[in-house]
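Summary of the model geometry
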Amino acid sequence: MLRIALQSKGRLNEKSLELLREAGISVEENNRKLLARSSNFPIEVLYLRDDDIPQTVSCGIADLGIVGYNEVMERSSHPVEVLQHLEFGKCRLSLAIPKYVEYPGLEFFNGRKVATSYPGILKSYFDGKGIVCEIREIAGSVEVSPSIGLADGIFDIVSSGSTLVRNGLAEVETVLESDAVLVVTPGLEEEKMRTVRTLMSRFTSVISSRGKKYMLVNVPNGKIEEALKIIPSMKSPTLLPLADKGWSAIHAVVDESEVWEKADRLKQIGAEDILILSMEKLII
Ligand code: PRT
Ligand code: ZN
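All chains use their own residue numbering, which begins from 1 and follows the written sequence. As a convention, the first chain written is A and the first ligand written is 1, with the rest following in written order. Residues qualify for local features only when their pLDDT is at least 70, as the model is predicted, and side-chain atom pairs are given and counted only at 80 or more; totals for whole chains, interfaces and linings, by contrast, use all residues. Hydrogens and waters are ignored; side-chain quantities use all the structure's heavy atoms.

1. Some details on the coordination of the zinc ion (ligand 2)
Rules: Metal sites are built from N, O and S donor atoms within 2.8 Å, or 3.2 Å for Na, K and Ca, and they leave out water, so they may look incomplete. Angle rules define the geometry names used: all angles between 85 and 135 degrees makes four donors tetrahedral, while opposite donors over 155 degrees apart and all other angles between 65 and 115 make four donors square planar and six octahedral, leaving every other case irregular. Each residue gets one of three labels from its accessible area relative to the maximum for its type: buried under 20%, exposed over 50%, partly exposed in between, using a 1.4 Å probe on protein chains only.
With distances of 2.0 to 2.1 Å, the protein atoms coordinating the zinc ion (ligand 2) are Asp 50 (OD) and Asp 51 (OD). Its 4 donor atoms give the zinc ion (ligand 2) angles of 73 to 176 degrees at the centre, a pattern that matches the irregular case. Accessibility expressed as a relative area gives 23% for Asp 51, which makes it partly exposed.

Here is the structure:
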């Protein structure tokens, strides 16, 4: 039985459970319970604060965890192995200063004060760049620090950027890009790793089918080559002859963002009956 640590509440909780659900793993959804078993996969969920997930996985109390990459990096004294980037909870850790202050470059921070909840990442960044700066660790509301005279700048999580704008701050350096990651206890025993690999391949299927559509299009045989240049397939394309001789159907998986542009180009070369379908799963 594997044990996976998930955030008990907060930004990653719902998306982590959704990923398990889409991977066909049912978990009792009562976050007030510390532990919840899956009814159809050999895994139990341990709900924790995100800050505690790296340590819990590092020492093997949980075998796996889903946590922000930023937390993994900040808590590097509790090493874990990153197995997979899960492509949700995307954000960046950036330096920001009051927007009316001129920014000459990174040397701005020499001899200044920066407030953050991520002192570890910031210190190793400044050390690597030869910047000597006073890092003031605070737990929350980092963005108000410059306006109350606590710091000259901040180092914090940015997503849309609206929190910075609301507080009169401008982002000047991006230090780390982050998303939710699947982490594992270093050196996990092989028997458990086999189940972990099954889980990872299900996650890969879920992630790679996001934002994809299934496209079916009828093309005159003389235009197949041109059509295949417009909709390159993952492997060899599926090509089926139609009852009407001289025509074929092409099936392909395409990015949702490219559907209209591809459909327009296909029509221009004489394709007809373009059908776009939602895709449930893509198991590679
Ligand atoms: O209670 P617990 O300790 O478990 O949770 P928490 O309050 O420490 O963390 P939580 O739930 O806020 O965030 C969990 C993880 O989500 C973080 O570690 C990041 O990996 C990821 N994440 C993604 C974010 C954001 N986006 C985000 N926008 N975490 C925080 N924010 C905050 C940020 O701190 C800032 O205050 O949102 C604000 C900025 O957002 P924008 O959109 O205004 O730029
Ligand atoms: Zn936290």
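2. Thoughts on the side chain of Glu 44
Defined as follows: Helix numbering and strand numbering both begin at the N terminus, where a helix is a DSSP run of H or I of at least 4 residues and a strand a DSSP run of E of at least 2. Distance and chemistry together define a polar contact, namely a pair of N or O atoms within 3.5 Å, with one atom able to donate a hydrogen and the other to accept it when in protein, and with adjacent residues in sequence counting only for side-chain atoms on both sides. When checking whether two residues touch, look at their non-hydrogen atoms; a contact exists if any pair is within 4.5 Å.
Inspection of the secondary structure assignment puts Glu 44 in strand S3 (residues 43-48). On the accessibility criterion, Glu 44 (13% relative accessible area) is buried. Here Arg 3 takes part through its side chain, which lies 2.9 Å from a polar atom of the side chain of Glu 44. Contact partners of Glu 44, with chain neighbours within four places excluded, come to Met 1, Leu 2, Arg 3, Ile 4, Leu 35, Ala 36 and Arg 37.

3. Quick word on the pattern of salt bridges
Basically, it comes down to this: Each salt bridge in this description consists of a side-chain nitrogen of Lys or Arg and a carboxyl oxygen of Asp or Glu lying within 4 Å of one another.
Inspection of every chain in the model, using the stated rule, returns 15 salt bridges. For the salt bridge of Lys 212 with Asp 255, the shortest nitrogen-to-oxygen distance reads 2.6 Å. Taken together, the residues span a long stretch of sequence, with Lys 212 in strand S12 (residues 212-220) and Asp 255 in strand S14 (residues 247-255) at a distance of 43 residues. Residue classification places Lys 212 among the partly exposed positions, given a relative accessible area of 25%. Overall, the relative accessible area of 29% leaves Asp 255 in the partly exposed class.

4. Observations regarding the sheet that holds S12
Here is the rule: In this analysis, strands are considered paired if DSSP registers two or more bridges between them. Helix axes are fitted only over the stretch in contact, all axes being lines through C-alpha atoms; the angle between N-to-C directions runs from 0 to 180 degrees.
Taken together, 4 strands build an open sheet; the order of strands is S13-S14-S12-S15 and the sheet is antiparallel. Each edge of the sheet is formed by a strand with only one pairing partner; in this case those strands are strand S13 (238-241) and strand S15 (272-278). Geometrically, the sheet is characterised by an average inter-axis angle of 20 degrees between neighbouring strands, direction not taken into account. In the packing of helix H8 (residues 259-268) onto the sheet, contacts are made with S12, S14 and S15, and the angle to S12 comes to roughly 0 degrees.

5. What about the site of ligand 1?
Put simply, the test is: Whether a residue is near a molecule or strand is decided by its heavy atoms; if any one of them lies within 4 Å of it, the residue is near. A 1.4 Å probe and the Shrake-Rupley method give the accessible areas. Residues count as covered only by the protein chains that appear here. Using a 1 Å grid laid over the protein atoms alone, points where a 1.4 Å probe fits but cannot get out form a cavity; open sets with protein on both sides within 12 Å along at least 5 of 7 lines form a pocket; any residue with an atom within 4 Å of a point counts as lining. To be counted as sitting in a cavity or pocket, a molecule needs more than half of its atoms within 2 Å of that site's grid points. Residues are grouped as follows: Ala, Val, Leu, Ile, Met, Phe, Trp, Tyr, Cys and Pro are nonpolar; Asp, Glu, Lys and Arg are charged; all remaining types, including Gly, are polar.
The environment of ligand 1 is formed by 22 residues, the closest being Asp 51, Asn 70, Ser 160, Gly 161 and Thr 163. The contact in question runs from an oxygen atom of ligand 1 to an N or O atom on the backbone of Ser 159, over 2.8 Å. Between Gly 161 and ligand 1, the recorded distance is 2.7 Å, taken from a backbone N or O atom to an oxygen atom. In the complex, the protein chains occlude 78% of the 840 Å² of accessible area that ligand 1 would expose alone. For ligand 1, the cavity whose grid points lie within 2 Å of the majority of its atoms is the largest pocket. For the shell around ligand 1, the leading source of residues is strand S9 (residues 153-158), giving 3 residues. Within the shell around ligand 1, the residues separate by chemical class into 5 nonpolar, 10 polar and 7 charged.

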